[in-house]
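Examining the three-dimensional arrangement
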Amino acid sequence: MNKILRITAISFLLFFGLQNVLAQKDGFIPPKSDNPDSWSMILLPDPQTYMKYDYNQPLFDLMLAWITRSQEALNTQLVLCTGDIVDMNDYLNPDYIHFNQSSKAQWEAAARLFGRLDGKIPYISTTGNHDIGFGNAENRYSNYDQYFPVDKNWKSQRMLKDVGRDINGKPSLTNATYEFISTHGKKFLVLVLEFAPRDETLVWAKNTIDKPKYADHSVILLIHSYLGSNNKHIETEGYPIEGANYGKAVWEKLVKSSKNIEMVFSGHIGVANDERAHVGFRTDINAGGRKVNQMTFNAQALGGGWHGNGGDGWLRILEFLPDGRTVKVKTFSPLFAASPTTQKYAWRTESYDEFTFTLDER
């Protein structure tokens, strides 16, 4: 039996080795870390267009399957999602044009698909305008906590530190912090905030990250709507929800006045079939004199527009180098990489899709 297993293992290694040789010969190089001592974070864009059609859901499943398959090769330690997990938070009757899945079916699919990561990799998501109200932030009610309860993924649960309150005053993971210590020993705190957070939510967030125990942490703010493709903070959007603070207000009331927020990740924006309109990046200085690298990444209207395939499988790989400061950003599609026919399209290498940013020393 052992001999058979050894032969089988060798056969698999030879097969995948040959595949890599052929792939590189054709110009495609599979994702790998530039430094073997790096660790990686995966940033998932808004999944809503994958969820609203049942025939798009397998594409998101492929993305998550790729994340688990490549976990060892990239030393993937954490997955973040920019929100708008579903397209409709609380609709019973799909119109079979704009969406063919009820809200219940969309939430169930999202929970099931993210289940690929349960017990394997911690993942954290913020909530977007489509995750509250009926279809688009008509109110602040969300089904998020029902389908993504605290114990869904024990790897995420053990990172949970602080829990804020929702619009009804109940503890909710829509406002929370998660502590993460990298393989290099660097301390991070992921701060998740509700869509267009209320003033009281921003006060809670500020008081939380200002606690002495987080003074040495590098805080990552994960929020849905924040930065536009013009690299400017979003000023207003006009959703009919009370107490809304959008990007500029969040910057002024929370990020700018902080001493330890060093990264902000968001999604939300997009124009049909326009890659550049789905991304943004800027760097500013916070009250502690530290750089704040702010990045928006989305893909939901690529691959056919708002009623297309969900986003062509695009995700971002953030490689944190062992110097504790350098972060390399690459934009990759497991969907295109899955076939030799489309592998040549699997990397986006424009300056706004592949770049490096640095964190200040601590």
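Before reading on, note that the structure itself is shown above.
The structure reproduced in this document is the subject of the present report. (Residues numbered from 1 in each chain as written. Predicted model: local features only at pLDDT ≥ 70, side-chain atom pairs only at ≥ 80, totals over all residues. Heavy atoms only, no water.)

**Re the overall build of the chain**
Along the backbone of the chain there are ten helices and 14 strands. Computed over C-alpha atoms, the radius of gyration of the chain comes to 20 Å, within 12% of the 21 Å expected from 2.2 N^0.38 for 362 residues, which places it in the range of a compact globule. Expressed as a percentage of its 362 residues, the buried residues of the chain come to 55%. Carbon and sulfur atoms form 53% of the exposed surface of the chain, whose accessible area is close to 15,500 Å². Put simply, the chain has 39 plus and 41 minus side-chain charges, and the middle of one group is 6 Å from the middle of the other. (Helix = DSSP H or I, 4+ residues; strand = E, 2+ residues; numbered from the N terminus. Rg over C-alpha atoms; globule rule 2.2 N^0.38 Å. Buried < 20%, exposed > 50% of the residue type's maximum accessible area, 1.4 Å probe, protein only. Areas by Shrake-Rupley, 256 points an atom, 1.4 Å probe, with all protein chains shown as cover. Lys, Arg positive; Asp, Glu negative; His and termini not counted. Charge placed at Lys NZ, Arg CZ, Asp CG, Glu CD.)

**Looking at helix α5 (residues 103-114)**
Counted at 1.5 Å a residue, the expected span for α5 with its twelve residues is 16 Å, and the 16 Å between its end C-alpha atoms agrees. Inspection of α5 places S103, Q106, W107, A109, A110, A111, L113 and F114 among the buried residues, and these make up the whole buried set. (Expected span 1.5 Å × (residues − 1).)

**Looking at the packing of aromatic side chains**
Aromatic ring pairs: the centre-centre distance and the angle between the two ring planes describe each pair. Following the criterion strictly, the structure yields 22 aromatic pairs and no others. Ring centres 4.2 Å apart and planes at 10° place the aromatic pair W39 and F320 in the stacked group. Here W39, found in strand β1 (residues 39-44), pairs with F320, found in strand β11 (residues 315-320); they are 281 residues apart in sequence, far enough to count as distant. For the pair shown, W39 and F320 are each scored as buried. Feature note: the residues Y50, F60, W107, F114, Y123, Y144, Y147 and F148 constitute an aromatic cluster, connected by ring pairs. The ring of Y352 carries the charged tip of R276 above its face, separated from the ring centre by 5.2 Å. Geometry around W314 places R348 over its ring, the cationic atom sitting 4.8 Å from the centre. (Phe/Tyr/Trp six-rings, centres within 6.5 Å; stacked < 30°, edge-to-face > 60°. Lys NZ or Arg CZ within 6 Å of the ring centre and 35° of its normal.)

**Examining the pattern of salt bridges**
According to the stated counting rule, one finds 18 salt bridges in the structure shown. Between K330 and D34 there is a salt bridge, and its shortest N-O distance comes to 3.1 Å. One end of the pair, K330, is in strand β12 (residues 326-332); the other, D34, is in the loop between α1 (2-25) and β1, with 296 residues separating them in the sequence. By relative accessible area, which is 42% here, D34 ends up partly exposed. In the salt-bridge network here, residues are joined through shared partners; they are R140, E194, R198 and E200. (Salt bridge = Lys/Arg side-chain N within 4 Å of Asp/Glu carboxyl O.)

**Concerning the packing of helix α8 (residues 199-209) against helix α9 (residues 247-255)**
At a minimum axis distance of 10 Å, the contact between α8 and α9 shows a crossing angle of 40°. Taken together, the axis directions place α8 and α9 in an arrangement best described as oblique. By crossing handedness, the relation of α8 to α9 is classed as right-handed. Between α8, through D199, L202, A205, K206 and I209, and α9, the contact on the second element is made entirely by V250, K253 and L254. Of the residues that constitute the contact of α8 with α9, the class distribution is five nonpolar, no polar and three charged. (Axes fitted to C-alpha atoms, helices over the stretch in contact; angles between N-to-C directions. Parallel < 35°, antiparallel > 145°, perpendicular 65-115°, else oblique. Left-handed = near helix turned anticlockwise from the far one by under 90°. Contact = heavy atoms within 4.5 Å. Nonpolar A, V, L, I, M, F, W, Y, C, P; charged D, E, K, R; others polar.)

**Focus on the packing of helix α3 (residues 57-69) against α5**
α5 packs onto α3 with a crossing angle of 25° between their chain directions and a minimal axis gap of 9 Å. As summarised for this structure, α3 and α5 are arranged roughly parallel, according to the angle between their axes. Judged by the twist between their axes, the crossing of α3 over α5 is right-handed. Mapping the contact onto sequence places Q57, F60, D61 and L64 in α3 and A109, R112, L113 and F114 in α5. Of the residues contributing to the contact of α3 with α5, the split by class is five nonpolar, one polar and two charged.

**Describing the environment of F148**
If you trace the backbone, F148 turns up in the loop between α6 (144-147) and α7 (154-157). What makes F148 buried here is its relative accessible area of 5%. Residues within four places of F148 in sequence aside, it is in contact with I85, W107, A110, A111, F114, Y123 and L173.

**Concerning unusual backbone geometry**
The phi dihedral of A196 falls on the positive side, at around 45°, and the residue is not glycine. Its location among the elements puts A196 in the loop between β6 (187-192) and α8. For A196, a relative accessible area of 2% translates into the label buried. The backbone phi angle of H268 is positive, close to 85°, even though this residue is not glycine. Note that H268 resides in the loop between β8 (261-266) and β9 (279-285).

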